Amino acid sequence: MIDVDPVPRPPSILVVFPATGTAGPIDGVALVTLDRPKVLNALDFTLIAELTDALETLDRDPACRAIVITGAGDRAFAAGADIRELAVQTPASLLADDHFHRWERIKRVRTPLIAAVRGFALGGGCELAMTCDLLVAGEGAQFGQPEIRLGVMPGAGGTQRLTRAIGKAKAMELVLTGRTMSAGEAEAHGLVTRVVPDDETIPAALELAATIAAMPPLAVIAAKEAVNRAEELGLEAGLEFERRSFYLLFATEDRREGMAAFTQKRKPAWKGR
């Protein structure tokens, strides 16, 4: 009997860097696409591993200063986890394989992450969108944590990040009923940064990313970390962290350049140091 290697699975992630906008390449911006449109970009363990690797690779590249994450097609950002894969798991297999650790690796990416959501962002898809720093949604986007309907609960941050984003009462309703939330409702409750027409979702996210990528890189990294710490620290500790980060930026060339450019009424030239 001859062993035959299985046909390799095509990549689940597409990375374009620099991303391309209506006027051509966008300096400093990467576009990462979840590419499983036949299953509404379901997040299986392979896709999450590829996504984590791609984001960490971009994060190590000083030329990359903002990353947009979206889903292939217009039906879904990601409609949730791959249920066929999850259905065969056991507590022992989940603990031993520990695929879920990659979610925290994504959260530790220092480069700003912007989710561009069209269609469904459910379960793991909603959790991935909430892991990003900003969220641009098309008018037809739907958000939710419907895991309760499968006999389980959110397991990649849904109960924690959704509660911090929209408050306990509304998060409890969504988690316990499994209902979805429209883009307009999500924006009204602070989950979404901006709502745009569906066909403008990716261009709007890329425009936002380009604005961030044009800012001084070290200040962006420090500011992102300080805002994230606001969810984790008490006010006094958060203020101390903010002030220390503010002081440290005064040792950078970009701080000197920014203030000199302001007084000289010219555009600053950031160096990222």
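Scope of this entry: the structure provided in the associated data block. Owing to the predicted nature of the structure, the values given are computational and were not obtained by experimental measurement. All residue numbers here refer to positions counted from 1 along the written sequence of the relevant chain. Restriction of local features to residues with pLDDT of at least 70 applies here, the model being predicted, together with a cutoff of 80 or more for giving and counting side-chain atom pairs; totals for whole chains, interfaces and linings are based on all residues. Just so you know, side-chain values use all the structure's heavy atoms and leave hydrogens and water out.

### Some points on the environment of Ile 202
- Elements are defined by DSSP. Helices are runs of H or I of four residues or more, strands are runs of E of two residues or more, and each kind is numbered from the N terminus. Turning to its location among the elements, Ile 202 is positioned in helix 9 (residues 201-213).
- The class for Ile 202 is buried, based on a relative accessible area of 17%.
- A sequence separation of 66 residues divides Ile 202 from Pro 268, and the C-alpha atoms of the two residues are 28 Å apart. Only protein chains enter the area calculation, which uses a 1.4 Å probe; residues under 20% of their type maximum are buried, those over 50% are exposed, and those in between are partly exposed.

### Description of the sheet that holds strand 1 (residues 13-16)
- Between any two strands, pairing holds if DSSP finds at least two bridges. Strand order in the open sheet formed by six strands is 1-4-5-7-9-12, and the pairing between neighbours is mixed. Each edge of the sheet is formed by a strand with only one pairing partner; in this case those strands are strand 1 and strand 12 (194-196). For this sheet, the mean inter-axis angle between neighbouring strands, taken without regard to orientation, is 20 degrees. Fitted lines through C-alpha atoms give the axes, limited to the stretch in contact for helices. The angle between two N-to-C directions lies from 0 to 180 degrees.

### Overview of unusual backbone geometry
- Cis geometry marks the peptide bond from Phe 17 to Pro 18; its omega dihedral reads 0 degrees.
- With respect to the helices, strands and loops of the structure, Pro 18 is situated in the loop between strand 1 and strand 2 (20-21).
- Positive phi, close to 55 degrees, is recorded for Leu 40, a residue that is not glycine.
- Relative to the helices and strands, Leu 40 is located in the loop between strand 4 (29-34) and helix 1 (45-59).
- Positioned with a positive phi, Asn 41 is a non-glycine residue whose angle comes to about 60 degrees.
- Summarising the element assignment, Asn 41 is placed in the loop between strand 4 and helix 1.

### Examining the layout of surface pockets
- Put plainly, a pocket is an open set of points on a 1 Å grid over the protein atoms alone with protein on both sides within 12 Å along at least five of seven lines, a cavity is a set where a 1.4 Å probe fits but cannot get out, and a lining residue has an atom within 4 Å of a point. Grid points are joined across faces, edges and corners, and a volume is the space filled by probe spheres set on the points. The space that makes up the largest pocket amounts to roughly 740 Å³.
- As for the largest pocket, its lining consists of 32 residues, of which Ala 81, Ile 83, Leu 86, Glu 147 and Leu 150 are closest to the centre.
- Of all the secondary structure elements, the ones that give two or more residues to the lining of the largest pocket are helix 1, helix 2 (83-86) and helix 5 (124-131).
- Top element by residues in the lining of the largest pocket is helix 2. It accounts for four residues.
- The class makeup of the residues in the lining of the largest pocket is 19 nonpolar, six polar and seven charged.
- Looking at the second largest pocket, its volume works out to about 500 Å³. In the scheme used here, Gly and all other residues not listed as nonpolar or charged are polar, with Ala, Val, Leu, Ile, Met, Phe, Trp, Tyr, Cys and Pro taken as nonpolar and Asp, Glu, Lys and Arg as charged.

### Points about the pattern of salt bridges
- Salt bridge, as used here: a side-chain nitrogen of Lys or Arg that lies within 4 Å of a carboxyl oxygen of Asp or Glu. Taken as a whole and judged by the stated rule, the model has 16 salt bridges.
- The salt bridge involving Lys 224 is made with Asp 133; its shortest N-O contact spans 2.8 Å. Note that Lys 224 is positioned in helix 10 (residues 217-229) and Asp 133 in the loop between helix 5 and strand 9 (134-138), a separation of 91 residues in sequence.
- Judged by its relative accessible area of 27%, Asp 133 falls in the partly exposed class.

No statement about biological role is implied by the geometric values presented.
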